[in-house]
Amino acid sequence: MLDALASGLITGNTYALIAVGLSLIFGVADLVNFAQGSVFALGAMLGWWCVAELHLPLWATLLVVTGATALLGLVIERVALRPLAGAPPIAPLLSTVAIALILDRSLELAFQPESRRLPSLLATDNFRLGDMRFGTLDVTIMGVSLLSVGALWAFLKYARLGWAIRATAQDREAAQQMGVNVGAVQGLAFALASALAGIGGLLVGMYFSTVEPSMGFNAGLEGFAAATLGGLGSLPGAVVGGLLLGVVESFGVTWFGGSTRQLIAFAILIGVLWLRPSGLLGSPGVLLREPMTGTFFAGGAPVRIRRWQLALLILVAGVVLPLWGSNYLLRVASVVAVFAILALSLTLVSGTAGQVSLGQAGLFAIGAYTSALLTKEHAWPFWLALPAAGGMAALVAAVIVSPVLRLRGHYVAIATLGIGAMVTSSILNLEWLTRGPLGINTIPPPSLFGHVMDSARDFYLLSVAVLLGCAALVTALQASHLGRGWRAIREDELAAQSFAVPRAGYKSLAFAAAAFVAGIGGSLLAHQYSYVSPDMFGVLVSVLALTIVVAGGMANVAGAIAGAIVLVGAPELFRPLQEVRMLAYGLLLLLMVRFRPQGLLGSA
């Protein structure tokens, strides 16, 4: 037990470093920085490069990592966020998502995706306290973490720049009127937060002796969980939340195994948002921040597709391609149709209802696994499993998401990100049902009147038919009384509520309807690939869907389909682009948010 407690305190210290950075930025810039985990991964990989390749001592490695990540924080703030000053809160939030994607993919290209061993510079078991053994490395990690947080506390309390940061965090406009350069203060906050994340990445790499470019996402989520547990915006809360999360995780891993580590963090994140969203030491006032959406989506008139243009597109998709397209082209087109369905689900919830969802891949996965299990294990026909997959995703969304819909601002985005990750982690751990990491294979193909639809042409026609059905459903919902209520909530929640629009109920319906569409897409994906596994539904799938709808136009049905053709179809056809595809998605998302937030085809 003592070993578990010590291990929890050490890892909790590193979580606290990430959480303090998140809370610092949230307090100063009113922004949840989704790139914080990616900076953490950069610190780990840079530390490995200094130690393993340059053979630098620990103190020099710490200086390099601290300086480089602090500089990166300044660049992120100056290039990606300061130009969005005055924009609705969703714009900088999406910008940090894009930065995270760019950093993660750049790290994979620079260091290759595989794990690397970070040589231990210090002894790991040269001390004993009772039955507990620990080493100089453990003491150093604790010392560096506490020193970093303590130095930040002293800086904020005694330095003039620290006072400026605190003043900006308390009241940005008042600080500006008092002569504080809030832009420079925001840049300084990003530099400090990034430096803390970089130090955390190096320390975690030293503790576990391995690093990899993709380690940032889970670390970022654990940082979110720690910051939310302590109270987003509270620096003491971030420290307390980090330590508590580390200890709970450590005991959970001791009792239930290492695969439950992430599940514990996600469960804590969602549990806190359900029960006490202001956290242990946070202020309830942060829950009253502005909604995420509004005028961001009204930047331009949507492009209307004329009837003859629509008829021509249907002719090409329904006749020309099936008759003359190769099997490879038809398979690519089927994948495009599946991801267009996933994007349509986001068109409904994020575009029409204005609720940012970063966990749509989790609902996509529920549809895929439901359909796979029903058809393979229980011999259900595909045509019954398809709506059942959508229904199960809608049911899960209504149960899990509804309790957090009373939240506003960034909390909804954090909650959906955590829910998506928790679903994937649950699938990984429920081996008796989902076969865990092995996944489910030999999923039977659909059949129609005794004809097995296992050819590329058959599945393409099926995918297009389902896509058109989902597009018709989304269009009808947007045009209905319900759709008008969703748009009213999107534009102004308080005004909508004053006109007797039931805010929470309408949001819940939006998530359930979007989950139904996502589940339908997941079912098609499972039967197309005849195989599903948890790694097919990671956060990158959610980000890809979000990029598609931002590129096409957030509330534009045709834009979602056009976005899927560009972002899914084109890279499949041009294989040399595969290596940089995710990097291109991140760059495109960043540019769209900056220069054309209404998307290529505009938003209704």
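Owing to the predicted nature of the structure, the values given are computational and were not obtained by experimental measurement.

**Focus on the overall build of the protein chain**
Check the secondary structure of the protein chain and you find 24 helices and 8 strands. In terms of its C-alpha atoms, the protein chain occupies a principal-axis envelope of roughly 70 × 55 × 45 Å. Across the 604 residues that make up the protein chain, the buried fraction comes to 56%. Summarising the internal contacts of the protein chain: among those between residues at least 6 apart in sequence, 79% fall at separations of at least 24. When the accessible surface of the protein chain is totalled, it reaches about 24300 Å², and 68% of it is carbon and sulfur. With 32 positive and 26 negative side-chain charges, the protein chain shows a separation of 9 Å between the mean positions of the two kinds.

**Some points on the pattern of salt bridges**
Pairing of side chains with opposite charge becomes possible as their charged atoms draw close. Under the defined criterion, the tally for this structure stands at 4 salt bridges. Put simply, R82 and E77 hold a salt bridge, and the shortest N to O gap is 3.0 Å. Assessed through its relative accessible area of 30%, R82 is described here as partly exposed. A relative accessible area of 1% means that E77 is categorised as buried. With a shortest N-O distance of 2.6 Å, R105 and E108 are connected by a salt bridge. With R105 and E108 both in helix α4 (residues 90-111) and 3 residues apart, the pair spans about one turn of that helix.

**Thoughts on the packing of aromatic side chains**
Scanning the entire structure with this criterion turns up 9 aromatic pairs. Seen from their ring centres, F34 and F224 are 5.0 Å apart, and the 55° between their planes marks the pair as tilted. Of this pair, F34 sits in the loop between α1 (2-29) and α2 (36-53) while F224 sits in helix α9 (residues 216-230), and the two are 190 residues apart along the sequence. F224 gets classed as buried once you look at its relative accessible area, which sits at 5%. Taken together through their ring pairs, the aromatic side chains of F339, F364, Y369 and F537 make up a single cluster. Sitting over the face of the ring of Y158, K157 holds its NZ or CZ atom 5.9 Å from the ring centroid.

**A word on the nonpolar core**
Counting 183 residues, the largest nonpolar core has F34, L344 and V532 as the members making the most contacts within it. If you tally residues by element for this core, the top one is helix α13 (residues 327-352), at 14 residues. If you look at the next biggest cluster of nonpolar residues, it comprises 5 residues, including A333, A456, Y460 and V464.

**A look at the packing of helix α18 (residues 456-479) against helix α19 (residues 481-491)**
Relative orientation of the contacting elements α18 and α19 amounts to 70°, with a least axis distance of 4 Å. When the axis of α18 is compared with that of α19, the two are roughly perpendicular. For the pair α18 and α19, the contacting residues are L477, Q478 and A479 in the first and H481, L482, G483, R484, W486 and R487 in the second. Across the contact of α18 with α19, the residue classes tally to 4 nonpolar, 3 polar and 2 charged.

Cut-offs used in this document
Residues numbered from 1 in each chain as written. Predicted model: local features only at pLDDT ≥ 70, side-chain atom pairs only at ≥ 80, totals over all residues. Heavy atoms only, no water. Helix = DSSP H or I, 4+ residues; strand = E, 2+ residues; numbered from the N terminus. Buried < 20%, exposed > 50% of the residue type's maximum accessible area, 1.4 Å probe, protein only. Contact = heavy atoms within 4.5 Å. Areas by Shrake-Rupley, 256 points an atom, 1.4 Å probe, with all protein chains shown as cover. Lys, Arg positive; Asp, Glu negative; His and termini not counted. Charge placed at Lys NZ, Arg CZ, Asp CG, Glu CD. Salt bridge = Lys/Arg side-chain N within 4 Å of Asp/Glu carboxyl O. Phe/Tyr/Trp six-rings, centres within 6.5 Å; stacked < 30°, edge-to-face > 60°. Lys NZ or Arg CZ within 6 Å of the ring centre and 35° of its normal. Core = buried A, V, L, I, M, F, W, Y, C linked by side-chain atoms within 4.5 Å. Axes fitted to C-alpha atoms, helices over the stretch in contact; angles between N-to-C directions. Parallel < 35°, antiparallel > 145°, perpendicular 65-115°, else oblique. Nonpolar A, V, L, I, M, F, W, Y, C, P; charged D, E, K, R; others polar.

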